[in-house]
Amino acid sequence: DLGCAFGPFLKAADESGYHCRGIDVSDEGVKYIRETLGLSAKTGRFPADSPKDMFGVDGFDVVTLWYVIEHFPDLDRVLKELSDLLFPGGVLAFSTPNGSGISGRRSLRRFLKQSPADHYTVWTPVNAKRLLARYGFQTYRIRTTGHHPERFGMPIKKGGLLFRLVNRLSRIFSLGDTFEVYAVKEGLSDQTD
């Protein structure tokens, strides 16, 4: 897990039977993962620090980045490195803000202005699929998340009928302000179980 923070995803994956490793820029987060969660984590800055070198492995079956991919200024290098980390048939999973969600559609200018200064790329489900294909990934699922009916520009009482209706429409039309991508590195895996 690249950008593993204090390890909530690593813990969940470990409890599901995965052999997990994490990398984060935070010494404090990595220390917590190792000492409290008892999982493998190291301090590093991807892509400058290679996870394969850091953990002494040839590659990975799964690589995850939860709300991390938008923080890289050199996306070309990152996507090449992500492809290199994965065995053929390996899974790349990440989440990111959605430029085509309700906030971006209402006012892309405001959406961009309110984005943190360290967000270097704005993703949409459409451009994610196209971009990943260029780096050898076949996208097999995109799940729109981050549904906020209160951002539709109308007075809505949270939990009320209108709130539930707008929330449902947001899901039907994929208007959430974040999304998840699940893609597979193309090629047959030569790994055995």
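This structure is a prediction, so every number in the text was calculated from the model and none was measured. (Residues numbered from 1 in each chain as written. Predicted model: local features only at pLDDT ≥ 70, side-chain atom pairs only at ≥ 80, totals over all residues. Heavy atoms only, no water.)

### Notes on the environment of R134
Part 1 of the argument: Tracing the sequence through the fold places R134 in helix α7 (residues 125-134).
Part 2 of the argument: For the pair R134 and L79, spaced 55 residues apart in sequence, the C-alpha separation works out to 9.3 Å. (Helix = DSSP H or I, 4+ residues; strand = E, 2+ residues; numbered from the N terminus.)

### Remarks on a nonpolar patch on the surface
Part 1 of the argument: A surface patch of nonpolar side chains, about 560 Å² in accessible area, is lined by M154, L162, L165, L169, I172 and F173.
Part 2 of the argument: Secondary-structure assignment places L162 in helix α8 (residues 161-172). (Patch = residues over 30% accessible without salt bridge, like charges linked within 9 Å, V, L, I, M, F, W, Y side chains within 5 Å. Areas by Shrake-Rupley, 256 points an atom, 1.4 Å probe, with all protein chains shown as cover. Salt bridge = Lys/Arg side-chain N within 4 Å of Asp/Glu carboxyl O.)

### Side note on the layout of surface pockets
Part 1 of the argument: Approximately 570 Å³ is the volume found for the largest pocket.
Part 2 of the argument: What lines the largest pocket is a set of 23 residues, and nearest its centre among them are Y18, H19, C20, V62 and V63.
Part 3 of the argument: The element contributing the most residues to the lining of the largest pocket is strand β3 (residues 60-66), with 5 residues.
Part 4 of the argument: Of the volumes computed, that of the second largest pocket is approximately 360 Å³.
Part 5 of the argument: Every residue lining the second largest pocket is counted, 15 residues in all, and those nearest its centre are V25, F46, V68, H71 and F72.
Part 6 of the argument: Tallied by class, residues from the lining of the second largest pocket come to 9 nonpolar, 3 polar and 3 charged. (1 Å grid on protein atoms, 1.4 Å probe; cavity = no way out; pocket = protein on both sides within 12 Å on 5 of 7 lines; lining within 4 Å. Points joined across faces, edges and corners; volume = space filled by probe spheres on them. Nonpolar A, V, L, I, M, F, W, Y, C, P; charged D, E, K, R; others polar.)

### Comments concerning the pattern of salt bridges
Part 1 of the argument: The final tally for this structure, using the stated rule, is 4 salt bridges.
Part 2 of the argument: Among the ionic pairs, E15 bridges to K11, the shortest N-O distance being 2.7 Å. One end of the pair, E15, and the other, K11, are both in helix α1 (residues 8-15), 4 residues apart, so they sit about a helical turn from each other.
Part 3 of the argument: As a salt-bridge pair, R143 and E180 come within 3.0 Å of each other at their nearest N and O atoms.

### Thoughts on the sheet that holds strand β5 (residues 137-145)
Part 1 of the argument: Pairing within the open sheet is mixed, and its 4 strands lie in the order β3-β4-β6-β5. Of all strands in the sheet, those bounded by a partner on one side alone are β3 and β5. The average undirected angle you get between the axes of adjacent strands in this sheet is 10°.
Part 2 of the argument: Summarising the sheet, strand β4 (residues 86-97) and strand β6 (residues 178-185) pair through 7 bridges and their orientation is antiparallel. Bridge assignment links V91 to a residue of β6, and that residue is V184. (Pairing = 2+ DSSP bridges. Axes fitted to C-alpha atoms, helices over the stretch in contact; angles between N-to-C directions.)

### Here we look at empty space enclosed by the protein
Rolling a probe over the atoms, with the probe sized like a water molecule, indicates the empty space that remains.
Part 1 of the argument: All chains considered together, the criterion is met by 1 cavity of 30 Å³ or more.
Part 2 of the argument: Each pocket or cavity is described by its volume, and for the largest cavity that value is around 60 Å³.
Part 3 of the argument: Contributing to the lining of the largest cavity are E70, T96, P97, F111, S115, H119, T121, V122 and W123.
Part 4 of the argument: Broken down by class, the residue content of the lining of the largest cavity amounts to 4 nonpolar, 4 polar and 1 charged.

### As for the confidence of the model for the protein
Part 1 of the argument: A residue-level look at the protein finds 97% of positions with pLDDT of 70 or above and a mean pLDDT of 92.
Part 2 of the argument: Residue range residues 189-193 is modelled with pLDDT below 50. Its contacts to residues more than four positions away, or to other chains, number 3 contacts. (pLDDT = per-residue confidence, 0-100. Contact = heavy atoms within 4.5 Å.)

### Examining the packing of aromatic side chains
Part 1 of the argument: A complete count under the given rule lists 5 aromatic pairs for this structure.
Part 2 of the argument: Look at W66 and Y182: their rings are 6.4 Å apart centre to centre, the planes differ by 55°, and that puts the pair in the tilted class. Of this pair, W66 sits in strand β3 while Y182 sits in strand β6, and the two are 116 residues apart along the sequence.
Part 3 of the argument: The structure contains a cluster of three or more aromatic residues connected by ring pairs, namely F9, W66 and Y182. (Phe/Tyr/Trp six-rings, centres within 6.5 Å; stacked < 30°, edge-to-face > 60°.)

### Thoughts on the pairing of strand β1 (residues 21-24)
Part 1 of the argument: Relative to strand β2 (residues 40-43), β1 is paired through 4 bridges, and the arrangement is parallel. The residue bridging G22 from the neighbouring strand is A41, located in β2.
Part 2 of the argument: The β-α-β motif built from β1, the intervening helix α2 (residues 27-37) and the parallel element β2 has right-handed crossover chirality. (Right-handed = clockwise from strand over helix to strand, strands pointing away.)

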